[in-house]
Every structure is written in C-alpha cells, then in structure tokens.
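What follows is each chain in one-letter form.
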Amino acid sequence: MFYEPEGYDVSTWPETYWRASAPAARHYPPLETSHRTEIAIIGAGYAGLNAALELVEGYGADVTLLDAAQPGGGASGRNGGFCCLGGARLSAATIRRRFGPEATANWESFEIRAIERVRDNLERYHIDAKPCEGGELLLADTPRRWYALKNEPLPGNARLLDRLDLKNEGLQTAAYYGGRLVSCGFGLHPYAYVTGLADAAMRAGARIHGDSAVQAIQPDGDGWLLRTARGQVRAKKVLMATNGYSDETLIPWLAGRWLPAISNIMVTRPLSITELSAQGWTRTLMAYDNRLMLHYFRLLPDNRFLFGTRGGLSFHPASVAEFAQKARAEFEVIFPHFATAETEYAWNGLVCLMASLSPYIGPVPSAPGLWIAMGWHGNGVAAASEGGRRAAQAMLGAQEAPPIIARQPPPRFLLPRKLALRTLMTMATLREGPMRAL
Ligand SMILES: Cc1cc2nc3c(=O)[nH]c(=O)nc-3n(C[C@H](O)[C@H](O)[C@H](O)COP(=O)(O)OP(=O)(O)OC[C@H]3O[C@@H](n4cnc5c(N)ncnc54)[C@H](O)[C@@H]3O)c2cc1C
C-alpha cells in the first residue's frame, strides 16, 4: 500500500454525505467458492462496473467482479459528483505535439462521449442519481490567470464571465476575477450512480462479490488464477480496475508508473436562502479553480455546500485533520457569507495520476490476458465510465476502442513518487500562496 492502512480500511465506510443521503444499498456477499469464469474484473467502481455491463450485455460474456469493499467503496462512491470533461492532464497542444491532430480530436470526442455515457447509463438502468444543473465553471484566482484564461482559444461550447457577469449570474465569490463556463457536464449523486450500476450489472448476469480483496494473481494455464481470503476464481482474462486503490504487488509491472493522490471533501449543513442571497451564489452549477492544488465546489440540491480540495501526503489522523482545517479556512475565504455554516460531513479518498499524464487502457506487457484501465487524474465520473466500456471492447479484440493517448503503456515516474508529490505541493504553495479574498 502506498499510504497508511487507514486509507484502505474496508471494514467501515467513511462518513460521507452521499451514503447518508441515499437508500441502503444491496450487500454483495464475499466469494467463498472456487469457480471458473471467462473474464474476472477487480474493482467495482465506475470502470469495473461499466466494463462488466459492456461484456455481459454487449457480448454475452461470463463475468465475475470482485471488490475489496462493496461496490462504490473506492472513489466512485465518495467523489464530488462532477460528471465533466477530463481524465487526462495533457493539454490539447501537448497531445497534438506528441500524438498528432487525430489523437487530439479522438480524445476530445472521448471526453464528450463519456458524459453522454453517464447520462445514458442513468436513463437505461433507471438510476436516480439526481442530475443537477448542466455546465461547469472554471474560475481564475489571480489577474494573471484571468488574463491567460481570456486569451486561451475559447471552445465552441464556452463563454467567459467577468466579475460582474459572475455576480449577475448568481455565481459571486470573494476570490475570483472571472471564469469560463462550458455547457457540457452535470452534477450527480455519485454513490447512487455507482450502486445503481452494480445492481444493473447484477441483473444483467454479472456475478458480483464484495468484501473480496484479491490477494494474488497468478498465471494458470492459458489464463489467470485470482485468490481471495475465502475463495478463488480462474479466468481466461482479467481486468484490473482499481485506480487509486491499486496494489502494485499484485501486478509488479505497475510499480512506479502510477501515483495515488488524496482528495478531500467537506459538506456543510443546508444553507438558508438568506445566506445564499448574501453570498450571491445561488446556482447548483459545478465549479473549480485553476490553482495547482485546486478547489472544486457545488451547491447541492438540498442547499448544502460541497467543497473539495487536493492535498495531503498521509492518512495519519493528524495530517487528515490538518488538511480538513486548511480546506475549511479556504472555504471561508472564498465564501465568507457561508462561514457560519458548520461542516457536517468530511472525508477523503484516492485519485490516480499516471507518469504519462494520461489514463492507461490496455494490456499488461508480457502478461497475455491481463488488462488495466486506470489513471483518470481525479476526473473519473465520466472518463472511468466510458473508459471501462472501452477496456471491455479492447479485451474482446477492438484494439482501437481506447482513446489513442490511453493506448500507450505509461513510463515510470522519474522521481520517487512521494518526493514527486511533496515537490509538487511545495511548488504550489510557493507559487500560489494562500487563497485571498479580492
Ligand atoms: C474525494 C474525491 C473527489 C472526487 N471528485 C470527482 C468529481 O467530482 N468528478 C470526477 O470526475 N471525479 C472525481 N473524483 C475521481 C473519481 O471518483 C475517480 O476517478 C473514479 O471514481 C475512479 O473510478 P474507478 O472505477 O476507476 O476506481 P474506484 O472507484 O476507486 O474503484 C476501485 C475499486 O477497486 C477496489 N479494489 C482495490 N484493490 C482491490 C483488490 N486487491 N481486490 C479487489 N478490489 C480491489 C476498491 O475497493 C475500489 O472499490 C474524485 C475522487 C475523490 C477521491
């Protein structure tokens, strides 16, 4: 494990607002038998569940899905619910330079398709994930960043909002100079989405086992043998969809090529209409800023405020408390009129960065039949959903299904990974300083 065991404890769920506000989910029993399956999937988040649905519904495959916790126990059940563009940390210019213009268009269409996929999943499987106002706002916290944002090519579906526009549109904050609003994406209830996917996959015929951490993956004839504490599965093919919760001792090739990072969320008590009006932020639009250690936030349908931050290098309780306090202080700078609304829920989870800054959806080299789909760079609600589907298609022969940039096996990080993270955070602190009100 990359961090302390606290971050991987599957014996209790984190106290998230999402679980508190959703009906009790089905409990999936542990694997207690030894059986054969065509395809085994490790990880019941958006990637693994979408892969399972694609394999069972699209190809009639026999699928067994194993999760160390219950479906959604990883990031898929505890994220900010931003169903939005993203998934890679490469700019369009870098993709063009490294992979050519076709790869840029190919990635952009993947991002849009990924949002459509989530919308389609909600409709097709009748999942009540409470979709919210469409669109996403990127905010600039310094005049220099606002100038840069204004001078970037404006995507066709975007418009710029200066401070006065933000105020007039019910998006007033104390900390930003302006923003760019894109019309795609929407907010949702992430836990309702992931548990709805699990139930749909089960109804479609996938065998799902919770509380079944895979402890070993071994070659077995022309396939693979997966061992859990109480059972085992023999599979012709295996998909590892464990993202930030991956264990590189299971697939040593992965070592040094991925980097789990901690993301934190707090949710306040419901805000009153008076508080919302005093602040001037009355919309449920998804918003984030362009700081290296970014903030992401949205007003929820019941008028609670969700505020997320990157950061933290440890799950040690002292570090978790320190970062929760820091997040709270930054929230109060950005939204001073919400300062009296206490935090009712706070939790964290793991996202996954790759040394390539792109997801990887492809085979493990020299391990026939063993596949990986991971590395959504903190934006996996949409990208992991579509990425899981593309992984399933590729495993059954459609080699061009994954986006071009996600077909390249990632290299290793140049620096030791904790040092890389620490350096990034120090640079961010030195370069950006604390959040300031205007
Ligand atoms: C706090 C937070 C906020 C976020 N906010 C957003 C957001 O607003 N929008 C957005 O797009 N993205 C967001 N993300 C990222 C997004 O949640 C993830 O990219 C996405 O959920 C990844 O899905 P996944 O299926 O690949 O992995 P996960 O959902 O992390 O699932 C991996 C699963 O693998 C299981 N597992 C691990 N090891 C084993 C093993 N050995 N055996 C069996 N099972 C195993 C885990 O139990 C887990 O259930 C956020 C993430 C966090 C942590």
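The structure displayed is predicted, hence computed values, not measured ones.

Side note on the overall build of the chain
Looking only at helices and strands, one finds 11 helices and 17 strands in the chain. In summary, the chain has a C-alpha radius of gyration of 21 Å against a globular reference of 22 Å for 438 residues, a match within 12%. In terms of overall dimensions, the chain has a C-alpha envelope of 65 × 45 × 40 Å along the principal axes. Taking as baseline every contact in the chain between residues at least 6 positions apart, the subset at least 24 positions apart corresponds to 78%. Surface summary for the chain: the accessible area is close to 18000 Å², and the carbon and sulfur share equals 54%.

Notes on the environment of Ile-262
Along the chain, Ile-262 turns up in strand 11 (residues 258-268). A relative accessible area of 4% means that Ile-262 is categorised as buried. On a C-alpha basis, the gap between Ile-262 and Phe-315 in space is 8.4 Å, while along the polypeptide they are 53 residues apart. Beyond its immediate sequence surroundings of up to four residues, Ile-262 is in contact with Tyr-3, Arg-310, Gly-311, Gly-312, Leu-313, Ser-314, Phe-315, Asn-348, Gly-349 and Leu-350.

Focus on the site of the ligand
Neighbouring the ligand are 37 residues, the closest being Asp-67, Ser-76, Phe-82, Val-214 and Val-381. Taking Asp-67, its side chain carries an N or O atom lying 2.7 Å from an oxygen atom of the ligand. Within the side chain of Asn-79, a nitrogen or oxygen atom sits 3.2 Å from an oxygen atom of the ligand. In isolation the ligand exposes 1000 Å². Once the protein is present, 97% of that is buried. For the shell around the ligand, the secondary structure elements donating two or more residues are helix 2 (46-59), strand 11, strand 15 (343-354) and helix 10 (380-395). Residues of the shell around the ligand, tallied by class, amount to 20 nonpolar, 15 polar and 2 charged. Composition of the shell around the ligand by domain shows at least three residues from each of domain 1 (5-83 + 191-257 + 355-414) and domain 2 (132-189 + 260-354 + 422-432).

Re the packing of aromatic side chains
Here the structure, examined in full by the defined rule, presents 25 aromatic pairs. Arranged with centres 6.0 Å apart and planes meeting at 45°, the rings of Phe-331 and Phe-335 form a pair that is tilted. Every member of this aromatic cluster is reached through a ring pair, and the members are Tyr-176, Trp-281, Phe-297, Phe-305, Phe-307, Phe-331, Phe-335 and Phe-338. Over the ring of Phe-2 we find Lys-418; its NZ or CZ atom is 5.1 Å from the centre of that ring.

Digging into the packing of helix 2 against helix 10
Two elements in contact, helix 2 and helix 10, have axes whose closest approach is 7 Å; the angle formed by their N-to-C orientations is 40°. On the basis of the axis angle, helix 2 is oblique to helix 10. As for the relative orientation of helix 2 and helix 10, their crossing is right-handed in sense. Between helix 2, through Tyr-46, Ala-47, Asn-50, Ala-51, Leu-53, Glu-54, Leu-55, Glu-57 and Tyr-59, and helix 10, the contact on the second element is made entirely by Gly-380, Val-381, Ala-384, Ser-385, Gly-388, Arg-389, Ala-392 and Gln-393. Among the residues forming the contact of helix 2 with helix 10, the class breakdown is 9 nonpolar, 5 polar and 3 charged.

Some remarks on the pairing of strand 8 (residues 216-220)
Residues in a regular strand project their side chains so that they alternate between the two faces of the sheet. By the bridge criterion, 5 bridges tie strand 8 to strand 9 (residues 223-227) in an arrangement that is antiparallel. Pairing of Gln-218 across the sheet is with Leu-225, part of strand 9. Following strand 8, the chain reverses through 2 residues before pairing antiparallel with strand 9; Gly-221 in that reversal takes a positive phi of roughly 60°.

Re the side chain of Ser-356
Here Ser-356 lies in the loop between strand 15 and strand 16 (360-363). Exposure remark for Ser-356: the relative accessible area of 15% places this residue in the buried category. Those residues in contact with Ser-356, other than ones at most four positions away along the chain, are Leu-90, Arg-98, Pro-410 and Pro-411.

Details of the domain arrangement of the chain
The assigned domain composition of the chain is domain 1 (5-83 + 191-257 + 355-414) and domain 2 (132-189 + 260-354 + 422-432). Each side of the interface is counted separately: domain 1 has 38 residues, and domain 2 has 31 residues. For the domain 1 face of the interface with domain 2, the top three residues by lost area are Tyr-17, Phe-82 and Cys-83, together amounting to 27%. For the pair domain 1 and domain 2, the number of links is 0 salt bridges. Inspection of the region where domain 1 meets domain 2 yields 16 residue pairs in polar contact (both at pLDDT 80 or more). Of all the secondary structure elements, the ones that give two or more residues to the side of domain 1 that touches domain 2 are helix 1 (17-20), strand 3 (82-83) and helix 7 (190-204). Of the residues assigned to the side of domain 1 that touches domain 2, the class counts are 21 nonpolar, 13 polar and 4 charged.

Examining the pairing of strand 2 (residues 63-66)
Residues of strand 2 alternate between two faces, with Val-63 and Leu-65 on one and Thr-64 and Leu-66 on the opposite face, all of them buried. Direction of pairing for strand 1 (residues 34-42) relative to strand 2: parallel, over a ladder of 4 bridges. The partner of Ala-40 across the bridge, within strand 2, is Thr-64. Traced from strand 1 through helix 2 to strand 2, the parallel crossover comes out right-handed. Where strand 2 meets strand 7 (residues 207-209), 3 bridges bridge the pair, whose relative direction is parallel. Residue pairing for strand 7: Leu-65 is matched across the bridge by Ile-208.

Thoughts on helix 5 (residues 143-151)
Those residues of helix 5 that fall on the buried side of the exposure criterion are Arg-145, Trp-146 and Leu-149. The buried residues of helix 5 all sit within an arc of 100° when viewed along its axis, so they share a single face. Turned more than 90 degrees off the buried face of helix 5, the exposed positions are Arg-144, Tyr-147 and Asn-151.

Reading guide: rules and limits
Residues numbered from 1 in each chain as written. Predicted model: local features only at pLDDT ≥ 70, side-chain atom pairs only at ≥ 80, totals over all residues. Heavy atoms only, no water. Helix = DSSP H or I, 4+ residues; strand = E, 2+ residues; numbered from the N terminus. Rg over C-alpha atoms; globule rule 2.2 N^0.38 Å. Contact = heavy atoms within 4.5 Å. Areas by Shrake-Rupley, 256 points an atom, 1.4 Å probe, with all protein chains shown as cover. Buried < 20%, exposed > 50% of the residue type's maximum accessible area, 1.4 Å probe, protein only. Near = heavy atom within 4 Å. Polar contact = N/O pair within 3.5 Å; in protein donor to acceptor, adjacent residues only side chain to side chain. Nonpolar A, V, L, I, M, F, W, Y, C, P; charged D, E, K, R; others polar. Domains from an automatic or database assignment. Phe/Tyr/Trp six-rings, centres within 6.5 Å; stacked < 30°, edge-to-face > 60°. Lys NZ or Arg CZ within 6 Å of the ring centre and 35° of its normal. Axes fitted to C-alpha atoms, helices over the stretch in contact; angles between N-to-C directions. Parallel < 35°, antiparallel > 145°, perpendicular 65-115°, else oblique. Left-handed = near helix turned anticlockwise from the far one by under 90°. Pairing = 2+ DSSP bridges. Buried area = accessible area lost by both parts, 1.4 Å probe. Salt bridge = Lys/Arg side-chain N within 4 Å of Asp/Glu carboxyl O. Right-handed = clockwise from strand over helix to strand, strands pointing away. Arc of directions from axis to C-beta.

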